[in-house]
Structure formats: structure tokens, C-alpha cells
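Single-letter residue listing:
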Amino acid sequence: MTTPASPSPAAALEVTEEDSAASAKPGNPKGTESRSPGRLAWTRFKRDRTGVISAFVVIFFFVVGIGAPLIAKIYGKDPYTTYGQNDPSLLNDFGFPVAPNGGMSGDFWFGIDPQLGRDVFTFLLYAIRNSLMIATATTVLVAFFGVVIGITAGYLGGKTDYVVGRIIDILLAFPQTLFFIGFFPVMLTILVAPDEATPTWLIVVSLITVMTAFGWAPIARLLRGEVLALREREFVEAAKVTGASPARIIFKELLPNLWTPILIQATLALPLYVTVEAGLAFLGVGLSDPTPDWGVMVQNASKYYQDDITYMLFPGVTMVIFVIAFNLLGDSVRDALDPKAGR
Amino acid sequence: MSLSRRNFVIATSVAAGGSMVLSACSSGGGGNSGNGSHAGTTKYTGHVTVGTKEDSTGPAPEIPGARKGGNIIGIGPDDFSHLDPQRIYFAWNSTVANLYVRALTGYKIAMDGSMKLVGDLATDTGTMADGGKTWTFTLKDGLKWEDGSELTVEDVRHGIERGFASFTTEGAQYVQSALVGSSDFRSKYKGPFSNKHLDSIVTDKAKKTITLKLKVARPDLNFTLAMHSYGAVPVSHDTKDKYDKDPVSAGPYKIAQHSVDKSLKLVRNPHWDPATDAIRNAYPDSFTFQFGTESLPATDRLIAESGDDQYSVMAYSGVPAERLQKVLGDPQLKQRTINGLLSGLYYYAINCKRITDPKVRQALNHAWPLEQIRRIYGGQAAGDYATSIISPDILGYAHQDVYGKLQKPQGDPEKAKALLKEAGKLGQKIVYTYPKGSNDAYTKTAVVITNALKAAGFDPVVKPVDSTSYYDQVQQINNSFDVMWFGWSPDWPTGYTVMQPLFDGATIANGSNNVSQLNVSWVNDAIKKNAVIADPAKAGAAWEDLDKKIMTELAPIIPETFQRRFYLHGSKVGGALFDPLFSAFVMYKLYVKA
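Bear in mind the structure is a predicted one, so any value in this text is a computation, not a measurement. (Residues numbered from 1 in each chain as written. Chains lettered and ligands numbered in written order. Predicted model: local features only at pLDDT ≥ 70, side-chain atom pairs only at ≥ 80, totals over all residues. Heavy atoms only, no water.)

(A) Quick peek at the packing of aromatic side chains. Applying the stated criterion across every chain yields a total of 48 aromatic pairs over all chains. Between B:Phe164 and B:Tyr189, the aromatic rings sit 5.0 Å apart at their centres with planes inclined by 75 degrees, giving edge-to-face as the arrangement. A residue pair is termed long-range when its members are at least 10 positions apart, and B:Phe164 in the loop between helix H2 (153–161) and helix H3 (174–180) and B:Tyr189 in the loop between H3 and strand S7 (201–204) qualify at 25 residues. What makes B:Tyr189 buried here is its relative accessible area of 5%. Here the aromatic residues B:Tyr346, B:Tyr347, B:Tyr377, B:Tyr442, B:Tyr470, B:Tyr471, B:Trp485 and B:Phe486 are joined through ring pairs into a cluster of three or more. Sitting above the plane of the A:Tyr75 ring, A:Lys77 keeps its charged end 5.3 Å from the centroid. B:Arg280 extends its terminal NZ or CZ atom over the ring of B:Tyr588, reaching a point 6.0 Å from the ring centre. (Phe/Tyr/Trp six-rings, centres within 6.5 Å; stacked < 30°, edge-to-face > 60°. Helix = DSSP H or I, 4+ residues; strand = E, 2+ residues; numbered from the N terminus. Buried < 20%, exposed > 50% of the residue type's maximum accessible area, 1.4 Å probe, protein only. Lys NZ or Arg CZ within 6 Å of the ring centre and 35° of its normal.)

(B) How the structure looks around empty space enclosed by the protein. Residues and elements named next belong to chain B. Enumeration over the complete set of coordinates arrives at ten cavities of 30 Å³ or more. Computed from the structure, the largest cavity encloses a volume of approximately 170 Å³. Residue lining of the largest cavity: 20 residues in total, with Asn 98, Gly 106, Tyr 107, His 228 and Leu 581 positioned closest to the centre. Broken down by element, the lining of the largest cavity gets its largest block of residues, four residues, from strand S3 (residues 105–109). Across the lining of the largest cavity, the residue classes break down as eleven nonpolar, five polar and four charged. (1 Å grid on protein atoms, 1.4 Å probe; cavity = no way out; pocket = protein on both sides within 12 Å on 5 of 7 lines; lining within 4 Å. Points joined across faces, edges and corners; volume = space filled by probe spheres on them. Nonpolar A, V, L, I, M, F, W, Y, C, P; charged D, E, K, R; others polar.)

(C) Just the sheet that holds strand S1 (residues 49–50) of chain B, in detail. All names here are of chain B. Taking strand neighbours across the sheet as the criterion, the three strands line up as S1-S4-S3 in an open arrangement whose pairing is mixed. Among the strands making up the open sheet, the edge pair consists of S1 and S3. Here S3 runs beside strand S4 (residues 115–119); their pairing, made up of five bridges, is antiparallel. Following the sheet pairing, Thr 105 is matched in S4 by Gly 119. (Pairing = 2+ DSSP bridges.)

(D) Summary view of the sheet that holds strand S8 (residues 209–213) of chain B. Residues and elements named next belong to chain B. Taken in spatial order, the four strands of this open sheet run S5-S6-S8-S7, and their pairing is antiparallel. The outermost strands of the open sheet, each flanked by one partner alone, are strand S5 (127–129) and S7. Neighbouring strand axes in the sheet, compared pairwise and without regard to direction, differ in orientation by 15 degrees on average. Relative to strand S6 (residues 134–138), S5 runs antiparallel, the two being bridged by three bridges. Within S6, the residue paired with Thr 127 across the bridge is Thr 136. Seen against the sheet, H2 touches S7 and S8 and runs at an angle of roughly 165 degrees to S7. (Axes fitted to C-alpha atoms, helices over the stretch in contact; angles between N-to-C directions. Contact = heavy atoms within 4.5 Å.)

(E) Highlighting the packing of helix H7 (residues 120–156) of chain A against helix H8 (residues 158–173) of chain A. Residue and element names in this part refer to chain A. At a minimum axis separation of 7 Å, H7 and H8 run at an interaxial angle of 140 degrees. The orientation of H7 with respect to H8, classified from their angle, is oblique. Both H7 and H8 take part in a crossing whose hand is left-handed. Here Ile 149, Ala 153 and Leu 156 of H7 lie close against H8, whose contacting residues are Gly 158, Thr 160, Asp 161 and Val 164. Of the residues in the contact of H7 with H8, the class split is four nonpolar, two polar and one charged. (Parallel < 35°, antiparallel > 145°, perpendicular 65-115°, else oblique. Left-handed = near helix turned anticlockwise from the far one by under 90°.)

(F) Expanded view of the pattern of salt bridges. Residue and element names in this part refer to chain A. Applying the stated criterion across every chain, the model contains 27 salt bridges over all chains. The residue Asp 161 makes a salt bridge to Arg 224 at a minimum N-O spacing of 2.4 Å. Placement of Asp 161 in helix H8 and of Arg 224 in helix H10 (residues 200–230) is noted, with a sequence separation of 63 residues between them. Given the relative accessible area of 25%, Arg 224 is considered partly exposed. (Salt bridge = Lys/Arg side-chain N within 4 Å of Asp/Glu carboxyl O.)

(G) The confidence of the model for chain A, seen in detail. Residue and element names in this part refer to chain A. Predicted confidence across chain A gives a mean pLDDT of 80, with 88% of residues reaching 70 or more. Model confidence for chain A, summarised as mean pLDDT per element, is weakest for helix H1 (residues 15–23) at 45 and strongest for helix H3 (residues 49–66) at 90. Every residue in residues 1–29 is under pLDDT 50, and counting partners more than four places away or in other chains gives 49 contacts. (pLDDT = per-residue confidence, 0-100.)

(H) Just the environment of B:Lys405, in detail. Residues and elements named next belong to chain B. Counting through the fold element by element, Lys 405 comes out in the loop between strand S15 (383–385) and helix H10 (413–423). On the basis of relative accessible area, Lys 405 is assigned to the buried category, the value being 6%. Separated by 18 residues in sequence, Lys 405 and Thr 387 have C-alpha atoms that sit 6.8 Å apart. For Lys 405, the contacting residues outside a window of four places in its chain are Asn 365, His 366, Ala 367, Trp 368, Leu 370, Thr 387 and Gly 411.

(I) Summary view of the interface of chain B and chain A. Taken together, the 32 residues of chain B in the interface contact 30 residues of chain A. When chain B packs against chain A, the two sides together hide about 2,700 Å² of surface, and 48% of this comes from carbon and sulfur. Linking chain B with chain A are zero salt bridges, by the criterion used here. Put simply, chain B and chain A have two residue pairs in polar contact (both at pLDDT 80 or more) between them. (Buried area = accessible area lost by both parts, 1.4 Å probe. Polar contact = N/O pair within 3.5 Å; in protein donor to acceptor, adjacent residues only side chain to side chain.)

(J) Seen up close, H10(A). Taking 1.5 Å per residue as the helical rise, H10(A) with its 31 residues ought to reach 45 Å, and the 44 Å between its terminal C-alpha atoms agrees with that figure. The largest bend in H10(A) is about 30 degrees, located at A:Ala213. (Expected span 1.5 Å × (residues − 1). Bend = angle between axes of the 7 residues up to and from the residue.)

(K) Looking closely at the layout of surface pockets. All names here are of chain B. Its boundaries defined by the atoms lining it, the second largest pocket holds a volume of some 1,300 Å³. Along its surface, the second largest pocket is lined by 40 residues, and Gln 173, Ser 183, Gln 500, Pro 501 and Thr 507 are the ones closest to its centre. Of all the secondary structure elements, the ones that give two or more residues to the lining of the second largest pocket are H3, helix H12 (470–474), helix H13 (496–503) and helix H14 (521–531). A per-class count over the lining of the second largest pocket returns 18 nonpolar, 15 polar and seven charged.

(L) Structural detail: H7(A). With 37 residues, H7(A) extends 53 Å from end C-alpha to end C-alpha; this agrees with the ideal 54 Å at 1.5 Å per step. Looking one or two residues past H7(A), A:Gly157 carries a phi angle of roughly 65 degrees, positive in sign.

(M) Unusual backbone geometry, seen in detail. Residue and element names in this part refer to chain B. At Asp 261, a position not held by glycine, the phi torsion is positive, near 65 degrees. Inspection of the secondary structure puts Asp 261 in the loop between strand S9 (253–259) and strand S10 (263–268). For Asp 261, a relative accessible area of 52% puts it in the exposed group. The phi dihedral of Gln 517 falls on the positive side, at around 55 degrees, and the residue is not glycine.

(N) Representation of a nonpolar patch on the surface within the structure. Residues and elements named next belong to chain A. There is a patch of nonpolar side chains on the surface, built from Tyr 305, Ile 309, Leu 313, Val 317 and Ile 321 and spanning about 430 Å² of accessible area. Tracing the sequence through the fold places Leu 313 in helix H14 (residues 309–337). Among the residues examined, Leu 313 registers a relative accessible area of 45% and is labelled partly exposed. (Patch = residues over 30% accessible without salt bridge, like charges linked within 9 Å, V, L, I, M, F, W, Y side chains within 5 Å. Areas by Shrake-Rupley, 256 points an atom, 1.4 Å probe, with all protein chains shown as cover.)

Below is the structure:
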């Protein structure tokens, strides 16, 4: 897992300033009407064609993922039945699809996978569903813990800041992929009885837990820095002088100024976790074969690409499209929220 | 199939005859690409015949068109785990041991694949007396070690006695237990290092004879002695447990350089006299083994064939299922393959200690989806369905199919369900295990097995075990698995080497190969009785009967396949021949083409 790219250090710190600057623009016909920063960002985002298209692609993926069981039901197949094994006319004697293009046909829109003969279309739908679910959950948790820990460390300062800072340093220096590979099987052996199958939910929960455990550090570090800069500003001083509680200062004074970096980090983190999760599955940790997953599909396909490139194409292309779209979306969101960092 | 090199727990496999691979070897004439058919050998040329004194006299017949010189590269996934002959039992170690270890007897393989048991160090395959209790061998003249010193009967005796030493537990144990009459032979004799010799081996240096006086009759001892575990070791150069690092050669090549897990280089042994060796040709000047390339990348390397890879062979790992279609579908590539059927059996051992009801075990046999499994391995090309314990290569084999698997290779869930109901065990939990990591195919077979078991009314639980510790774990007597992937290859082609290790209740212990933990008195008695039948034909029939009875009444295993393997070699390699003994190339027949 690599560290998510940090947003430009020039990220906007004060929405208030920006707001006044924007409303003072001479080109604005209704200068007197005040507009919220969110609304301004939305206007800017709508003007960004790339961003809008990416947003639609991303939404499409989420809809497909959430609606996977429904789509599979209408389509009439499931990702677990080995159709090719049950019907000898689908796979040849070497276990490869008989029909050209990986066995694509009216019955199997994306073909069937070699050897087991499962339906690639539904397998891919469920793979998207599982991958997105894990990545979204991880991103939400990472953002939550990053925000809480980062703001706490930054606002309290002193010893707390020192301890948290060192923990973050260690986590960032940790060889995470190696740790996953080494630690994951051990953890599962401890948690699961020797004659019980490893439940998929346990693998999912552990994946999310482990990725969160390592993932919060970059966000926390970033926010700590932002808070350090903010807490010496006049409006915070003013709040303190008027006797505001630390909670009020954090939630009402600091947090509104931090939404921009948080949002940007989160949009960049989600595609990262999709690839991390797929990468782990590819390496044999995390989800494994009978469970549909992007990484599992790519891993399988990598063995057959010489004879059945179609099978590699679908998971590969969909994943690339999703990750690119989400990254472009992340860029657009940043541009919209932070016009000063313009290109 | 690419079932990895540790396919067989114990794999000094003998039996299987060569292969109908002439068209695939150097002689050329490649066939047209099969349209879905496997184009491999269909014949088990199995039985080894016992050769005469003439057959045992060197030199080995020349291979037409072969020339001397050059270097052959063997590509393999793993370094050889042992080089000390007494510690060699796994097939892939024997692939290289063939080049420098010589035992009293050995297998002479003709270019058509037919095999004969001949004398290697001995002038013939020995003289049996007392119904198999006494065996006498005479050494050939002119046998030398790589330093030029003479190879004597003492060295041969030393090789056998070293099998008793505390550091040679990895090797075969047949001769040791026959010599002292107990499977706990190490408590009776500690090996030759205290200058004490066994009374039961008599040597005569002047007449060059060695006589083994066994406590129990072993009418097939001449086969047993061909195992590398009984290869000769020089008394004067024995470095005990360090001998594993640098063994002394009696064969055509000696070890020049060994970087562990990276490469092994063998060069000519100038003191080897071809006139003493009826088995080995030695055309290349050297052999280089390169380790660390799994079978899939190795196949791709040989398909691409760039540079020195033209001189290389897939030493002991076969073409994996993922590339079978590509390799067999391309006439150019197919010309560069050899293939053969293994005499070993792949099967699933049912833990009789946990699944005590034979009806449930029979139901498992009915439910098992052989066809789906084989398709994942690569279809017909990957081998034949096994329906018995004894393979077609073994003396006395007769076709039998107790569970009608050939009619319904895809499994018979109704019949299985009916049997389960009868036993009152519907919904029986079955913990299935396979080695994870060594071969991706098993992850996929687990999927079809799970589906088939569910259809038959079982409750399957899949628990893969990491391949590095797989055998250690399933060979624990108190393991928690019900059905275990396993394989067994006979040490020589008689029923004894299958039935005794796999089903003799006396052998049950941690690390035993009786993974089914079958301990039934009538089976144990039959094994004892059949082992001493001197007439090979009668013995064969007796083993076959026992096979059928065990499968019908006890069903301790689910036979899966007798597998066919394909191997690729570079276009500059000639003399390519499948070694049915060790499922690899016959290294000593290869030559570099001009």
C-alpha cells in the first residue's frame, strides 16, 4: 500500500476568506446575493466536464455494485455455478471455452472462465460489489480515525502530539504489504477452528481492520499540520477568549476549515484501497477464489491470457476505468473546493 | 500436469513403462495438432522385465544421431533436497542422482520406453535362494570412484549399512527392515560408523560377491536394491552427515559446483568406464541445473526459447494445465514435448479414524466429481481416471471399477445420498484439505468438490494447508481432516510397495504414509501373506484381489487419476525420453544437437 498523494500544501485553509473573495467577483451579476462555499464549489464542479463524466462513471459503478444481486437475478445466472463444468459443450477438453472470445454468447455476455466455467459477467458484478464495499468501508473508517486522531493531536499539542506523531512515523515506515502477507494467515489460524471453514465475513472484516489500522496515519498527519496552523489564528483565539469549550472550537471553528483536505484525501484514498485490496487478493492474501473479487479475477486471468485474453480484459479494463474515473473525480473535487490551487 | 515435484510423498517410482513419444522426440515427425484430443500416450508400457547378464553388460546402446559434447540445462522449481544417496527418496532428487549414484541393480530404458531391470554395479540382477531369503550379487570389473580408487563390495555394503545411521531417516527402509526382521531396525543396528558390520551381509572381496541374508523372504529384493537409497558410498570418503553436500560419484558425471537453491553443475567423471555401465549414455560434457523457476514461467521460457534455453529441458516439472492447449495445439511446440503416464496414483485419503462408517466413505466415492477435477487438470491430456488402488503398471493389475466411476465420472449424487441416508448421516460434515500455494489447480478442484459434496447431501468444509507444511500436517495421526489430497507412487512395480505403506495398520504413526489410518486385521494379515509369495504372477493376482476387497468393503480412499505429464525441451536437445521411474527426463540419454 502506498501513501495517498497529499494535496498541495497550498490547500485553502479558510473558507470564509474565499467566500468573500468569490462574491466580490465583478463578473457576478447578482453580487449582492450571498452564496455558500459549498454552492460555489458545486458551480465550479459542474463546469468541469471531466469531473462530471468521471462522477457519472463512478456512480455507475456504485449502482452496479449495489444492484449486483438484482442484475444477476434478471440476467438469470450466479457467480458460483460452474456452468462450463455442468454443460460439456461449453468448455473444451483442456478446460478452455469452446466459443470464441472467451465463450462470449447470448447466454454468457462476458464469456465463462476457463477450467471452472463460471459466468464472467455475474462474477464481475459481484467482484465490483465486494471490492467497492471493502474499499468504501475502509475509506470511511480511515477518514474517521484520521480526522479524530489528527485533530486531537494538533489541537492538544504537547505530549499527546509527540506520541501520536511517533506512532504515525512508525506506521508510515512499516512495510505494510509484507506485513499483510505474513500476518494474515497467522491471524486466521488463530481465529478459526481447524475443522471449520474460514468465513468470508471474517476475511472481509480483518481486511478492513488491517487496512484501516495502517491507513489512518497519512490523513492524521496532514490534519495535524493543518490544525497546528489554524489554532494560532485570530478567530480561534477569539473563540477561546469568549470562553468557547474545546469541543466547540474543534467542531465549529476548526472542522469547517478542514473539510476540503478531508474530502480530497478520501476521494483519493478510495481508488487506492480498491487497488490495494485487489493487489492483496492477487498475492493470495485477502479474498480467495470462490469469493468473487477483482484481484482474484486478475490473478486467475493472468495464467490464461495467452489463450484467453478476453477473460483478462473484463476485470482489467473495468478496474482501470474505475480507478482512473475516481482519481479524475478526486482531482475535480479538489479543483472545485480549492480554486487557488488551479492548474 | 503441473502437480508440483512433491507430487508423491515417496516417489522413487518405478514401474511405468516409457512412452509412445517417439514422434515427439528427436526423431522428428511431429503429428498434426489435436483438435481437442490430447495426443499423448495411451499405453501403460508398464511392466519391467528382468534382464539377463548380457543385458547388464555395458556399454549402453548408442542412440542414433547422438554426438558428444555441449552442456544441457535443466530448469526446475526447487533445488534437490538431498544428494546423499541414502537420503534420496523423492523422485526429483533421483533425476540427478541417476548421473552420479550407482546401485547393485538399475533400470535400463530403451528408446522406445520399454524397461528392463539389469545389474548396474552387479553383473546381473542377482541370484535368489531360500525362497527369497538369500540374495547374492557379483560386482563388475573396472568399477571406479571419481578419484580413481576402486569401487569394492565393501563400498556397496557401506551404502546399505548407512541406511541404518541416525541421519539417513529420509531414505527407503525396505532392505533395512528385511535384514533385521523388524521395522524398528535402528534400535538393533546403529550403522557402520562404529566399525561394526551387520552379520546378515556377507562380502567376499576376492570373489567380488556380496550376499544378503534376510530375516523375511523378499522375492523382489532385486527391484528394491535399484533404489538410490541403496546406492554405493565409498568407505574411505564417507563424511557422514556432510556427505549430503558433496557426494562422491561412481557414475558418468561428478558434482563440480553447487550453489544451494540456485544452481548445480555436473561435469564428466573421467574414471567412469562406459564398458561397466549398461544403463547410461553420457553425451553432454556437462549438466547445469537452474533452480527457482516454477513450471508456468519455465514453460513460457521454453516456448520463447531464447539463447541458451535452446539447450534446456524442464528437468522434472511438467507443462501446467494453463499451457497444455497452447503447447499441444502448436505442431512446432508439440514436437518439442515428451509425455508419459505415471505409475503412481493420485487419490483422496479418507480419514478412517474420523469417518468410521464405511457407508459414508462409499458415498464419498460415489459423489466425487472425477470428470470436473480432470478437466481442471487439463482434460484427457492430464491422465486417465483411476478406479483402483493398483495402477495398470503394477504386476497383476486387472481393471476394476467398484463404484462405476467410468460410467458416471461426474459423480452420482443420488446414489451417494441414498447411502448417506441408509447410514443415517445425511448432512455429514466433511473437512477437505489440499496443499495451498504449490498449485493453483487445487484451489479450483476444491470448488467443484464442494459443489459435488453439497449435491450429495454432505456439508463440505474446505481447509487448505500451506504446501510447505502440508505433508507434515496431514500425516499427524490426530489431524482434523476428513478427506485429504494425496498421491502415491510405487517404489517398484509390485503390489507390495502400494498396499504395505498405504494400508498396513502397523505403520500408523505421525509421519506415516497410511494417511487413511486404516487398521483392519484382515488387511494387515493379507499384506503379510502376499508379501512372501515367491511366484510373481500369483503374488500379482493376490494383490489385485486385496485391492478389490479393500475398495469394496472399506473404501479408505477415493482414487482420482493416473496422470499423464508433458514436458518441453529446447530444439537443440536430442534423445529426449520420459523417465517413467521418476516422472522427468532421462538425463543420461540427452544429447546436444549439432
